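Here's the letter readout for the chains.
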Amino acid sequence: MKKIKVLQRILDCGVVAVLRGDSPEQVVEMAEQAIAGGVKIIEITMTVPNALQAIERLSRIYNPEAPMDSERFAVIGAGTVLEPHTARMAIMSGAQFVVSPALNEDTIKLCNLYRIPVMPGVVTISDLLKGLELGADVMKLFPGNMFEPSIIKTFKGPVPQANLMPTGGVSVDNLGDWIAGGAVAVGIGSDLTSEALKTGDMSKIRDKAAQYTEAYRRAKGY
Ligand SMILES: O=C(O)C(=O)C[C@H](O)[C@H](O)COP(=O)(O)O
């Protein structure tokens, strides 16, 4: 799928599930629950043992080109990508986008070579400018919980062309503040999955995802 279309779908959906677990089977189940709850942009983190198997499996089940309201629609990507070798393997396994906790120049270049949207982690204006120079379209503001949502406006003062996706500490309660503050999307991790992992009841991810879907709709005024 063309890079511009993948990016458009990520931005249209606006909520990215950052999934961390103990096995590919577990994160596939987490992803299925998140998707059933309406969170259809799925980031499988590379800290999951054999994470690429989960990307392969999910890429066979879901279609990023399906209509956005269809059950088959979801966009599967890779997270916690620290260097270009992992990025390449994730792309070969079917990852439609790559997310990194930091800004690694070679990872961005590799993703650009294959025309895969890449979202490097940024903390400072210098990181942000470097990311833009290297051609990253969306920057992950990480750790988002180091900041208040007003940081987006502060960053966009001198760099209005920046697209920022806060990740880390995002919750159902503060999602609206981030979106109102100018974030183009948000990444959600532990808050989506912690209850399910604690209780073993994976359907709690679907319920939580539905809350995020609703909070995002409200924030956008849909
Ligand atoms: O590995 C990455 O690239 C990350 O995205 C780091 C964190 O797992 C997310 O930032 C989720 O943070 P929480 O929502 O606070 O759990």
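About the cut-offs
- Here the residue numbering is sequential within each chain, running from 1 through the sequence in written order.
- Only residues with pLDDT of at least 70 get local features here, since the model is predicted, and only at 80 or more are side-chain atom pairs given and counted; chain-wide, interface and lining totals rely on the full set of residues.
- The side-chain figures draw on all heavy atoms in the structure; neither hydrogens nor water molecules are used.
- UniProt positions are given in the numbering used here, feature names are shortened, and annotations may be inferred rather than shown by experiment.
- Each helix is a run of DSSP H or I of at least 4 residues and each strand a run of E of at least 2, with the numbering of both proceeding from the N terminus.
- Note on method: radius of gyration uses C-alpha positions; expected globular size equals 2.2 Å times residues raised to 0.38.
- Three labels apply to residues, based on accessible area from a 1.4 Å probe with only protein chains included: buried if under 20% of the type maximum, exposed if over 50%, partly exposed otherwise in between.
- Note: two strands are recorded as paired if DSSP finds a minimum of 2 bridges between them.
- Pairs of residues are marked as contacts when any of their non-hydrogen atoms sit within 4.5 Å.
- To define axes, lines are fitted to C-alpha atoms, for helices over the stretch in contact only, and angles between the resulting N-to-C directions are given on a 0 to 180 degree scale.
- Here a residue is considered near a molecule or strand provided that any single heavy atom belonging to it is located within 4 Å of it.
- Side-chain atoms alone can form a polar contact between residues adjacent in sequence; in general such a contact is a pair of N or O atoms within 3.5 Å, and within protein one must be able to donate a hydrogen while the other accepts it.
- Definition used in this section: a nonpolar core is a set of buried Ala, Val, Leu, Ile, Met, Phe, Trp, Tyr and Cys residues joined via side-chain atoms within 4.5 Å.
- Should a side-chain nitrogen of Lys or Arg be within 4 Å of a carboxyl oxygen of Asp or Glu, the pair is scored as a salt bridge.

Per UniProt, the comment on the protein chain under Subunit (unreviewed entry) is "Homotrimer." UniProt's Pathway (unreviewed entry) comment on the protein chain is quoted here verbatim: "Carbohydrate acid metabolism."

Description of the overall build of the protein chain
Check the secondary structure of the protein chain and you find 10 helices and nine strands. Taken over the C-alpha trace, the protein chain has a radius of gyration of 16 Å; the compact-globule value for 222 residues is 17 Å, and the two agree within 12%. Referenced to the eigenvectors of the C-alpha coordinate spread, the extents of the protein chain come out at roughly 45 × 35 × 30 Å. For the protein chain, the residues scored as buried account for 52% of the 222 residues in total.

Considering the sheet that holds strand E7 (residues 139–141)
Adjacent strands of a sheet form backbone hydrogen bonds with each other and so pair up, either parallel or antiparallel. As summarised here, the arrangement of the three strands in space is E6-E7-E8, forming an open sheet in which the pairing is parallel. For this open sheet the edge positions go to strand E6 (121–122) and strand E8 (164–166), each flanked by a neighbour on one side alone. Judged from the three bridges that link them, E7 and E8 form a sheet pairing that is parallel. Bridged to Met139 within E8 is Leu164. Its contacts with the sheet put helix H6 (residues 125–134) on E6, E7 and E8, and the angle it makes with E7 is roughly 160°.

Describing the environment of Val186
The topology assignment puts Val186 in strand E9 (residues 186–188). Look at Val186 and you get buried, because its relative accessible area is 0%. Sequence separation of Val186 and Met165 is 21 residues, and the distance between their C-alpha atoms is 4.9 Å. Setting aside chain neighbours within four positions, we find Val186 in contact with Gly14, Val15, Val16, Met165, Pro166, Val170, Leu175, Trp178 and Ile179.

Quick word on the site of the ligand
As a matter of local geometry, the ligand sits amid Val18, Arg20, Thr80, Pro101, Lys140, Phe142, Thr167, Gly168, Gly169, Ile188, Gly189 and Ser190. At 3.5 Å, a backbone N or O of Gly168 approaches an oxygen atom of the ligand. Here an oxygen atom of the ligand and a backbone polar atom of Gly169 are 2.8 Å apart.

Some details on the side chain of Lys3
Position of Lys3 among the secondary structure elements: in helix H1 (residues 3–13). Excluding residues that lie within four positions of it along the chain, Lys3 makes contacts with Asn112, Arg115, Ile116, Pro117, Gly135 and Asp137.

Digging into the nonpolar core
A general tendency of soluble globular proteins is for nonpolar side chains to be buried together. Counting residues in each nonpolar core, the largest one holds 60 residues, and the members touching the most others are Leu19, Ile42, Ile44, Leu141, Trp178 and Leu192. Per-element tally for this core: the top contributor is helix H2 (residues 24–36), with six residues. For Ile42, the residues in contact, after removing those within four places along its chain, are Ala17, Leu19, Ala31, Ala34, Ile35, Leu58, Val75, Ile76, Gly77 and Phe97.

Description of unusual backbone geometry
A cis geometry characterises the amide bond from Phe142 onward to Pro143, with omega recorded as -5°. Among the structural elements, Pro143 can be located in the loop between E7 and helix H7 (150–156). The backbone of Thr80 sits at a positive phi, close to 55°, despite the residue not being glycine. Inspection of the secondary structure assignment puts Thr80 in the loop between strand E3 (75–79) and helix H4 (84–92). Taking relative accessible area as the criterion, Thr80 reaches 18% and is therefore assigned buried. Its identity is not glycine, yet Arg115 carries a phi of approximately 55°, on the positive side.

Quick look at the pattern of salt bridges
Under the definition given, this model contains seven salt bridges. Put simply, Arg57 and Glu25 hold a salt bridge, and the shortest N to O gap is 3.7 Å. Note that Arg57 is positioned in helix H3 (residues 51–61) and Glu25 in helix H2, a separation of 32 residues in sequence. For Glu25, a relative accessible area of 46% translates into the label partly exposed. Residues Lys208 and Asp191 are paired through a salt bridge, measuring 3.6 Å at the closest nitrogen-oxygen approach. Of this pair, Lys208 sits in helix H10 (residues 203–220) while Asp191 sits in helix H9 (residues 190–199), placing them 17 residues apart in sequence. By relative accessible area, Lys208 is classed as partly exposed at 22%. Residue classification places Asp191 among the partly exposed residues on the basis of a relative accessible area of 25%.

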